Structure formats: structure tokens, C-alpha cells
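This is what each chain is made of:
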Amino acid sequence: MRLFVCSLFLFLVLMPKGALNDTRKKDGTSLGERVQQLMDTMTKRSVVRLNTDKFKQYVKALPRNYSMIIMFTAMAPQRQCAICRHASDEFQIVANSYRYSQLFSNKMFFGVVDFDEGADIFTSLKMNSAPTFMHFPAKGKPKKVDIMDIQRHGISAEAIAKWIAERTDVHIRVFRPPNYSGTIGLVTLIVLIGGLLYLRRNNLDFLYNRVMWAVLALSFVFAMTSGQMWNHIRNPPFLHKTQQGGVAYIHGSSQGQFVVETYIIAIINGAIVVGMILLTEAANSKTGAGDVGKRRIMAIIGLALVAFFFSLLLSIFRSKAGGYPYSKTDERREIH
Amino acid sequence: MVTSATLYNVLHWLNFTVDIRNVCVFLAPLFSSLTTIVTYHLTKELSNPGAGLVAAAMISIVPGYISRSVAGSYDNEGIAIFCMLFTYYTWIKAVKTGSLSWSVICALAYFYMVSSWGGYVFLINLIPLHVLALMISGRFSHRVYVAYTTLYCTGTILSMQIPFVGFQPVLTSEHMGALGVFGLVQLHALVDYVKTKMSTEDFNVVFQSVISTAVVLLLGVAAVLTFSGKIAPWTGRFYSLLDPSYAKNNIPIIASVSEHQPTAWSSFYFDLQLLVFLFPAGLYFCFANLSDANIFIILYGMTSVYFAGVMVRLMLVLAPVMCILSGIGASTLLSKYMKGLEASSPPSAGASEKKAKKSDPQSFLRHEISLAFVAMMTFMFVTYALHCTWVTSEAYSSPSIVLSARGHDGSRIIFDDFREAYNWLKHNTPEDAKVMSWWDYGYQITAMANRTIIVDNNTWNNTHISRVGQAMASPEDKAYEIMRELDVDYVLVIFGGLTGYSSDDINKFLWMVRIGGSTETGKHIKEADFYTPQGEFRVDKEGSPTLLNCLMYKMCYYRFGSLYTEGGKPPGWDRVRGAEIGNKDFELDVLEEAYTTEHWIVRIFKVK
């Protein structure tokens, strides 16, 4: 994934500084003053920018009666971390939602550490990938679960809010500023279509063109029967790289599928149907008219297509279903 | 149920004393045979009798339909598909003939459909869609007007007689489409009538002004009604069909039913085989010979293909239309090529030489091709029949209450643990004992063990099921409080670790956690706690401590740690998860083991 590209970059760039000791008792300012400073920053923006010193002062120092949600990122262009940008936007949305909600208090703050401003923090926490979301509780050290598992949950604002709710019991309602791009897109589309129809208003026959509708309908059917809805809901990987370095296009069992696999199946189905249509067209021309040779070739091609792709489909299905006809399948339905 | 009762009474009146149980068991196959007959008639209306025969032959063995109409599966869909196809048949007849009598029969068939299945919503949206398509493509005629008006008025009033439906046809969004099209149909017919009575320019002026005011008025009324809440929004079940990710994110109990999962392509192929690509060919032929009835079947095909892709259970709705269109496709192809075969018979002796020479090359070439094609089609049909019979016998014929497997030497081993456990419950527990289990087994326990249960398959009460989920997922002491609150005497779990039975409660456990955590009282139950730090669900030593100490784990694996299950593996080897369990020698504090069946599949515990 893209995350690993970022982590690779950071690996190359990390200077092997000595591990910093956590200087915990650096309380140049008292707790009350720190909380006040944080609240002051909050009036200007929802996320506190932290460098090494500020990090030690606000996050690491004890005593502390507030928790902090920190995003570790690398936003500089030369780091080329595209996902940091997305994560930062989503993080900002969560922070804003928290800031302007009734739950806002001085018990929890949001902060961000950029790699270019606080590289030693990264090394001290042994962090080598970005972005990372970490929760520093008011009491005690952060545990493994205080680092958000982005691989499983993603970086969307809702996922971040859910993770925060699990760690701190503060339920932030994510409020996304209304996104007008969708409305603008829709309006543009309607205007375009309206314009097109208006220009062709004298000759609207193309709408009645059967072949166009037939092709549309058939493509829709191929898309559905090859399992595109499953892809849309379950988001499977595109294909699978096996451990030996080979590439697997077909999922091993009949319970799953890859995106590439669905395209292959759609093509096979399409080829079989095209073959059948060719056969029909060959038979349709009236006897005596039309080029006999051409019709013959069409028919033969159609026949060959159907036979070949049907057997291909059978063999793919056999490979997935573990021997076809199989000797034992599991019960496919839940016990009612 | 009304159908079974009626059949039973009729048979008894005729002095055929059939037991009610047999009536119920054989109801589904009876109605599927009736479905075959209706399919024949429907396809005959759409195309020709030959296509009808092929379609009927196909639907008689298609696994997608057989899966829900096996003898003994007494569920709504058994008769619902018959009602649906019968309604469609009468609708097509009504559209074609425009007669009032067929429309009324259609309304009656629709009433029967409404009384049998909640899927009638599909019908009441498909038929208006068809009418709309006819209007748009300029095929609107007096026949359609008569048919739809009669059907809508009579059918809706009849459907409102069913208590479950009540006033929904005028209140919910699912039925608004039909109402809207009804209004549109009246307008269209009015416009047509007025057009015949006025001159063209006058007509144009009136037409435009009236249309614009009417549209604005309608939209305004609809908007006001929706925003004021009079018209209820789409309910969860149907909304999740339109927006497939809705259920996954918001309602775990809908998302957890395995039949509500989306469909992978291999499920399509598994249930329909040949039909998957004969169906687009049939679609193409329908487009080539477009008629009012063909438009209907095209719409039906497209919508059901989409819905079947979203939910596996709706494969059932797709199967009939696949058979119909495949029948049309196959019979069109075959009839063309069989003609080629017939024409190739040697010309009669009386034909002149010249004529014979002319027709000979064409027919001779086509003879070989036709032969090849017919042979291939025959082969494909044979594989279809083989596939269907195999799928039915292997996947859809096993009773779900008695399991079987093949031993190493090929002999069959029977696991009758469910009935063993239910019989034990029936004979060894007090009559008013309450049993807690997961909802899958509710009906079975009620029927076979005759004991009260906490939750069952009628999954309307989400909070209650969530409470049971919390009890299963909490540690013993918290679970004891919940069980005392629910007044539970016995707890029943299904465990497959000894036999390798994979539909057991540990595999369903994550759903229990999700459903348990989805309500207010279960806020402390978080799915992430049950995974390892790496995000895996493991039952061995690496497993999360929350999982290893929850009630479900302890119940399933009580005394299991000392059992040898498979050669060469340590004791306590779970054959389903493929791991040695992590928490072995523990004692149960709040429960005591009451009964474990022979193969450890069902385990019953008594609450102390």
C-alpha cells in the first residue's frame, strides 16, 4: 500500500541520532499554565502544531490531567507522502468537529508533529511510518492499542472518531463541511445533457436507437453477473501476489474473488454471448441472399467462441470449487 | 399458512385424510410444479410455445429456485415465486388484450402475492416502471391504461386488507412510485383524449400550461409531505438494497445474516450455470423484437440482476427471469439451426438438377454447421442438467438438523447431536425452564425441546438479542448479572472444535460482539478488544485475554483442553480454527455443565 512507500522514504531519511532519553520531569511551567497555553492556542486553530520542545512540554511532561491525540505526519513536498495529505484533512475535520462541539473541554487536545520539525520525536518513539495517530492518555504510558491501526480501519474521519471514542470515551460527532463539489458536478451534468438534447431536439431518434439500449443493457448484465456489487461492498484486492513471487488472478476458494478475476469472468461471458449473437446473425440472413461464405465464417467463429469460452469458464469454476463435480461441499446457509 | 390450511381442509372435505405435516412439507414442491406451468404460459405469451417449453424445462431444475423450494422447507418463498409469476402472467395478458377481466384477475393474483411475501414491494415498483417505460417509448395505449388503472385501484385496496400492510401503500416511499405513475397515467390518457377533440395550436397551448402547473403542484405537494414526515422514508431492509453499504455500516443484525451478503460470481454460476450467458443472448433477442411484453421482461431481468448482485437471497427472484429469457434465447437459436438441418435432407427426385445445384452448396455447408451447433447445444444442456442435479443433491438436499460426513474409508458418519441435545432438554429439565442460546437455534429449541427461549429467529427485537450477545461476550461475573436479569436457567452453545463443524458459535462470535456492542447497555463491549494486537482473531495462547475469558469461550472449551482430537496434535486442538486453545484448565464459577452431546457439538450448561 501507499503507506509502505511512505515508510520506506522515512527509513532512508532517518538520521541515526542517538536515542533520546525521555526527560519526564521537565516542568518549567506548571500544569495550570500549560493547560492555559493550550486553550489559548485552541482559540486560533483546532490542532496544535508541536515541535520537539513543545512536544516534551505538553505531551511528555508530568503532571498531566489531559490527554492528547497526536498525528505524526510528513507533509513536506519532498517527502512525497500523498496519504499524509488525506490523513491530515480527515484529522482536521475531526479536530474541528471536536472543537466546535459541546464536548470540547480542557481534557483532550489535538496536536500534530511534522517529521521536519520533530524528527527526534520520531526516533524516540521508534516510529518509522507516516501518518500515524497516537493517543497519549492523561495517566500512564501509551499502550499498543493507543496507536490507531490504519491498515484495518483506514484514515477516514469517522474511523478516527470511532478510535478516539474507544480510547477516551469521548464521542465526537464528525461534521463534514457541506461538500458542494457533488452538487456542482450534478448541475454541470444536467446542464450538459440538457444542452445536448436541445441541440439535437430536431432529431431525437438516437434515443430510440435500439442497438444502443441493447448494448447498454447487456454491459450492465455482464457487470452484475461477474460480481461487481460484491467488489463494491467488500473491496477485495486487485490481485494477489503469492509468496513464491507469482501472481494469482483467481481467488482460491469460491467464497472470494479478486477484481481482476471479475473482469476476466465478464470478458468470458461477453465472448460467449457475442459468439451466440454471431451465430444468430449468420442464420438470420435469408437463404439465397447474402454472401454464403461470409455467413459460414460468422457461424463458425461464433461456434468456436462459445465452445472455447464455455470450457474455459468450466475449468475456472472447477479450480475454485475444489474438484467439480465435488465430493463434499459445506453447508452454504446458516442454520435457521 | 392460509394456503396450507385451505389445502388441508379441501383434502379432508374430499375425504383424503392427509396429515397437516405432510401438507406443509409438500407444499413447496407442489407450488414449484405449478410455477413450471406458469412459466410455460408466461414465456408463450412473450415469445412462442417452443420457448415456453424450454423455459419450463429449465426452471424445473434450476438450483437457484430449488434451494428455496425443497420439500420440507416451509418458508414464504415457496409459494411467493408462484404468486409472483402468476401475477406477471396475468399482467402481460392484461396489457396485451386490454380486457377488464384479465386486469381484475391480475389484481387478485397481486393480492395473493401480498399475503404471501414481503417481496411484493418489488412487484408494485416493477409494474409502474414498465408502464413508465411504455409511456416514454411511445407505446402507451388504451389497453395499458385500462390494465394499470384497474390493477392499481383494485390491487391496492385488496392489499390494504392484509394487517401487515395496512396503510403503507399511501404512507411509505416504497409505494409512492406506483401512486405517481397512476397519476401520470391518468394525465396521459386525458391528454390523448383532449388531443382528439381540439385543434393542434389550441391543444399545444393548453397542454404546456396545464403540464407545467400540474408538475409544479405535484412536486410541491410531494416535498411538503416528505418533509413533514407524513411519507415515511425507506425502511432499512429495502434501503440497503439501494445503497448496499448502508447495512454494513449501520445495522449489524441485517448485515450478519449470511443470506444478505453480496453475491460473488461463483455463486451466480453455482446457482444458474448455463443461464448466466443464455440470459444476455435472450435479452438481445428481446431487443431485436421489441414489443410491450418484451419491454416488461427486459426491465424485470435488469432489475433482478442488480438486486441478486446485492443480496444472495434474491437469487431466487432472478432464477425465473433467467429461465424465461434463456428459454427465449435458446429456442430462437435452435429453431434457426434446426431449420438448417431439415433443409439439408436430400432434395426429392423430382427437383431439377439446376435447382439442386443452386441450393446444394448453401444448405450443405449449413448442414455441417447446424449439426455442430445442435450437438454443442445438446452438450450444454446435458451439462446443465448434470450440474443442477449434482448441486441439488450435494448442497441443497441435506437436512440442516442432522449432519453427515465421510470418514477416511468413505463410509458415512451421521452427527445427530442436535436432536440428542433437544431431546435431553425435553426430558431432563423442568417444564418452565428458560434456555438462552444464540437466535439461530430459537425455533428449533421451541419446537423440539418445548422450552421457553430468550431470543429466536424472528429477529425483530434487536435490543434483546443485543443483551444476549453482551452476556456471551462478557466475563463470567458480568454475564451472570445479565443472565439473572433475563431469568435464564440453561445456556446452550454449539461447538464444532471436536468434529470440524464450522458453523459453530465461536465462528459466529464476532457477530455476537458486534450486535452486543451496538446498543446502549453494551457500550463497554468493543470488537477491538477481542482481537490480538496484530488484529487477528485467535483462540490460542496469542489470543486476546478478553476473548480467552469471556463466557462463550469458557463454555465452548470447558474440559476441552485435555481432549485429544486429532492424531499428531496436542490435546485441546480446535479442528475448526486449527489451533491449540490458549486457556485450558479453568473452572466455571457461575455455570455447571449439564449435558454435552456425543460429538461435543451441542453443550448445555445450567446457571447456578
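None of these values were measured; they are calculated from a predicted model.

**As for the pattern of salt bridges**
All names here are of chain B.
Step number 1: For the coordinates displayed, the defined rule picks out 17 salt bridges over all chains.
Step number 2: Of the charged contacts, one joins Lys-96 and Glu-45 as a salt bridge, the two residues approaching to 3.5 Å between their closest N and O atoms. Of the two residues, Lys-96 sits in helix α5 (residues 77-97) while Glu-45 sits in helix α2 (residues 20-46), which places them 51 residues apart along the sequence.
Step number 3: When its relative accessible area of 14% is taken as the criterion, Glu-45 is described as buried.
Step number 4: Asp-292 is the salt-bridge partner of Arg-139, the closest N and O atoms lying 3.5 Å from each other. Residue Arg-139 is found in the loop between α7 (120-136) and α8 (142-159), and its partner Asp-292 is found in helix α17 (residues 292-310); the two are separated by 153 residues along the sequence.
Step number 5: Connected through salt bridges with shared partners, the residues Glu-45, Lys-93 and Lys-96 form a single ionic network.

**Some remarks on the interface of chain B and chain A**
Step number 1: Every contact between the two is made by 74 residues of chain B and, on the other side, 63 residues of chain A.
Step number 2: Across the interface of chain B and chain A, roughly 6600 Å² is buried in total on both sides, 68% from carbon and sulfur atoms.
Step number 3: Summed over the shared surface of chain B and chain A, the number is zero salt bridges.
Step number 4: The tally of links from chain B across to chain A stands at one residue pair in polar contact (both at pLDDT 80 or more).
Step number 5: Looking at the side of chain B that touches chain A, the element that brings in the most residues is helix α19 (residues 353-396) of chain B, giving 15 residues.
Step number 6: In terms of residue class, the side of chain B that touches chain A is made up of 45 nonpolar, 19 polar and 10 charged.

**Some thoughts on helix α4 (residues 82-99) of chain A**
Step number 1: Taking 1.5 Å as the rise per residue, α4(A) with 18 residues should run 26 Å; its terminal C-alpha atoms sit 26 Å apart, in good agreement.
Step number 2: A:Ile83, A:Cys84, A:Ala87, A:Ser88, A:Glu90, A:Phe91, A:Ile93, A:Val94, A:Ala95, A:Ser97, A:Tyr98 and A:Arg99 are the residues of α4(A) that are buried.

**Comments concerning the UniProt feature "transmembrane region" (unreviewed entry) in chain A**
Step number 1: Sequence positions flagged by UniProt for "transmembrane region" (unreviewed entry) are, in local numbering, residues 180-199, 211-230, 263-285 and 297-317 of chain A.
Step number 2: For residues 297-317 of chain A, the helix share is 100%, the strand share is 0%, and the end-to-end C-alpha distance is 30 Å.

**A word on the side chain of A:Thr52**
Step number 1: Inspection of the secondary structure assignment puts A:Thr52 in helix α3 (residues 52-60).
Step number 2: Among residues more than four places away in sequence, those in contact with A:Thr52 are A:Glu117, A:Gly118, A:Asp120 and A:Ile121.

Procedures and definitions
- Residues numbered from 1 in each chain as written.
- Chains lettered and ligands numbered in written order.
- Predicted model: local features only at pLDDT ≥ 70, side-chain atom pairs only at ≥ 80, totals over all residues.
- Heavy atoms only, no water.
- Salt bridge = Lys/Arg side-chain N within 4 Å of Asp/Glu carboxyl O.
- Helix = DSSP H or I, 4+ residues; strand = E, 2+ residues; numbered from the N terminus.
- Buried < 20%, exposed > 50% of the residue type's maximum accessible area, 1.4 Å probe, protein only.
- Contact = heavy atoms within 4.5 Å.
- Buried area = accessible area lost by both parts, 1.4 Å probe.
- Polar contact = N/O pair within 3.5 Å; in protein donor to acceptor, adjacent residues only side chain to side chain.
- Nonpolar A, V, L, I, M, F, W, Y, C, P; charged D, E, K, R; others polar.
- Expected span 1.5 Å × (residues − 1).
- UniProt positions renumbered as here; feature names shortened; annotations may be inferred.

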